[in-house]
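Listed below are the residues making up each chain.
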Amino acid sequence: MSAASYWPWWAGAAALGAITVGFWIAVRRPLGVTGVLARFVNLREEVEAERKDAALSDEAALTAALVAATRESFGDAMPPSLTPLPMPAVRLTGTRPRLAAHALFLGGIVAGGLASRLLRGGLAAGSGPGDAYARIVCGDWRACAVLLLGGALVGFGTTLAGGCSSGHGLFGCARLQPGSLVATASFFGAAVGVSLVLKGGL
Amino acid sequence: MARAPFLRFGLFGLALGFVLSEAGFSDYAELHRMFTFQDLRLLATFAGAVAVAMAGFALLCRGDVLPGRPIHRGTVPGGVLFGIGWALCGACPAIALVQLGEGRGPALASAAGIGGGIWAAQLLRRRWRWDAGSCG
């Protein structure tokens with residue numbers, strides 16, 4: 001596909017900037033894909049925490065259970081009409097949105113890529129993440145090994161840095177957060193270095 | 001946030017995936033031309049997006065308390081590893097998903113690697129209690 005068929009820089013900039021701010025306004029969450037992916041890497045713990053939160057969120061049932069347990073321990077020493085003090089709500093999943101909401105978010109990203117290709121007349125094809133991959137990096141079976149290794153570095157690095165190109169690059173940099181500026185300079189600098197080596201320019 | 005606005009998460013994911021694909025971030029050749037400074041279109045897209053978001057936050061979210069992103073000891077090594085990986089596989093976490101949607105089969109390997117990398121980093125972090133903040 002020729003570069004000319006992609007959006008001009010200002011259109012992409014306006015749209016990505018609007019998504020970054022709009023996401024915060026709409027759901028009060030920082031934009032960031034790595035943290036969302038991490039929840040699905042830990043799916044079992046996340047599902048368990050969400051199940052326990054659901055059980056704890058029924059305040060009346062929780063209060064009744066606490067009163068019953070207290071009565072069992074202290075018996076007649078307890079006044080018959082016991083009013084428990086209100087407790088602050090604590091969730092095991094913190095302030096995180098429901099897993100299903102985050103699943104929709106990730107599914108939406110996949111669907112967005114699909115919609116873009118369908119509007120352009122068909123799915124992408126090729127032996128790599130693009131037609132030029134075999135020429136620039138490598139082809140045949142080695143490409144899969146390099147993609148797997150590269151992906152592992154991406155997953156490890158973004159988790160270590162506490163953010164990726166969305167969480168640090170867009171959301172953090174737009175607010176001049178020191179950690180995001182340093183992380184973005186680090187990943188961009190490293191990517192430039194490796195790309196120049198691949199190109200044969202160093 | 002007990003009742004998450006499901007529809008909004010889905011719509012923003014859809015918009016993000018669509019825009020990343022239309023801008024060409026999921027095309028390895030375009031990405032490589034950005035990282036080697038042969039073509040500044042994607043670089044301008046990214047820098048422009050940061051500028052637009054900066055203006056948006058300043059104008060629309062003045063009273064909001066937004067989470068901070070301090071520097072910690074994982075910031076630089078994590079960023080460098082991520083950059084090396086991105087140049088090798090052409091995918092950041094969001095772009096791997098976009099590539100899957102576009103039908104780029106090899107992105108399955110990138111996505112599997114990303115999942116494994118996240119898993120490994122969390123394992124090490126639990127063991128040595130690295131404080132690496134969070135991303136979303």
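Numbering of residues begins from 1 in every chain and follows the order in which that chain's sequence is written. As they are written, the chains are lettered A onward and the ligands numbered 1 onward, keeping that order. Note on the predicted model: pLDDT of at least 70 is required for a residue's local features to be given, and 80 or more for side-chain atom pairs to be given and counted; whole-chain, interface and lining totals, by contrast, use all residues.

Peer 1: Is there a simple way to explain the overall build of chain B in this structure?
Peer 2: Regarding its fold elements, chain B presents 6 helices and 0 strands. Ordered by position in the sequence, the α and β elements of chain B form the string α-α-α-α-α-α. C-alpha atoms of chain B, sized along the principal axes, occupy 40 × 40 × 30 Å. Buried means a residue has 20 or more other C-beta atoms within 10 Å of its own C-beta, exposed means 12 or fewer, and partly exposed covers the counts in between; C-beta atoms are placed from the backbone. Expressed as a percentage of the 136 residues in chain B, the buried residues total 57%. The contacts of chain B with a sequence gap of at least 6 include a subset with a gap of at least 24, amounting to 47%. Each helix corresponds to a stretch of at least 4 residues labelled H or I by DSSP, and each strand to a stretch of at least 2 residues labelled E; elements are numbered beginning at the N terminus. Remark: residues whose backbone-derived C-beta atoms lie within 7 Å of one another are considered to be in contact.

Peer 1: Could you clarify how one ought to interpret the overall build of chain A in this entry?
Peer 2: The number of helices and strands found in chain A is 9 helices and 0 strands. Reading the secondary structure of chain A in the N-to-C direction produces α-α-α-α-α-α-α-α-α. Taking all 202 residues of chain A together, the buried fraction comes to 43%.

Peer 1: Sorry if this is basic, but what is going on with helix α5 (residues 93–102) of chain B here?
Peer 2: Helical geometry note: an α-helix holds 3.6 residues per turn, so side chains three or four residues apart project in the same direction. Counting buried positions along α5 of chain B yields 10 of 10 residues, so the element is predominantly enclosed. Taken residue by residue, α5 of chain B has P93, A94, I95, A96, L97, V98, Q99, L100, G101 and E102 of chain B as its buried positions. The elements touched by buried residues of α5 of chain B are α2 (33–41), α5 (99–119), α7 (140–161) and α8 (165–172) of chain A together with α1 (6–23) and α6 (107–128) of chain B.

Peer 1: Mind showing me how you'd approach the nonpolar core here?
Peer 2: Soluble globular proteins: nonpolar side chains tend toward being buried together. By size, the foremost hydrophobic cluster in this structure holds 89 residues, and its most contacted members are L170 of chain A together with W86 and A94 of chain B. If we skip the residues at most four places from it in the chain, A94 of chain B touches V33, I109 and S166 of chain A together with L16 and L20 of chain B. Structurally, a nonpolar core is described as a collection of buried Ala, Val, Leu, Ile, Met, Phe, Trp, Tyr and Cys residues joined by way of C-beta atoms within 7 Å.

Peer 1: How should I be thinking about the packing of helix α1 (residues 9–27) of chain A against helix α3 (residues 41–60) of chain B in this particular structure?
Peer 2: Each pair of packed helices can be described by the angle between their axes along with the distance between the axes. The convention used is that axes are lines fitted to C-alpha atoms, helices contributing only their stretch in contact, and that angles between N-to-C directions extend from 0 to 180 degrees. One way to put it is that α1 of chain A packs onto α3 of chain B with a least axis distance of 7 Å and a crossing angle of 40°. Along this stretch, α1 of chain A crosses α3 of chain B, giving a crossing that reads as right-handed. Of α3 of chain B, the residues touching α1 of chain A (which contributes W9, W10, G12, A13, A14, L16, G17, A18, T20, V21 and I25 of chain A) are R41, A44, T45, G48, A49, V52, A53, G56, F57 and L60 of chain B. Across the contact of α1 of chain A with α3 of chain B, the residue classes tally to 14 nonpolar, 6 polar and 1 charged. Put simply, a crossing is left-handed when the front helix is turned counterclockwise from the back one by less than a right angle, and right-handed when it is turned clockwise. Classification convention: Asp, Glu, Lys, Arg as charged; Ala, Val, Leu, Ile, Met, Phe, Trp, Tyr, Cys, Pro as nonpolar; all other residues, Gly among them, as polar.

Peer 1: Before we go on, may I ask you to explain the interface of chain B and chain A in this structure?
Peer 2: Contacts between the two partners involve 102 residues from chain B and, on the opposite side, 115 residues from chain A. Of all the secondary structure elements, the ones that give two or more residues to the side of chain B that touches chain A are α1, α2 (28–35), α3, α4 (75–89), α5 and α6 of chain B. Looking at which element gives the most residues to the side of chain B that touches chain A, the answer is α1 of chain B, with 16 residues. Within the side of chain B that touches chain A, the residues separate by chemical class into 61 nonpolar, 32 polar and 9 charged.

Shape descriptors only; they carry no functional weight alone.
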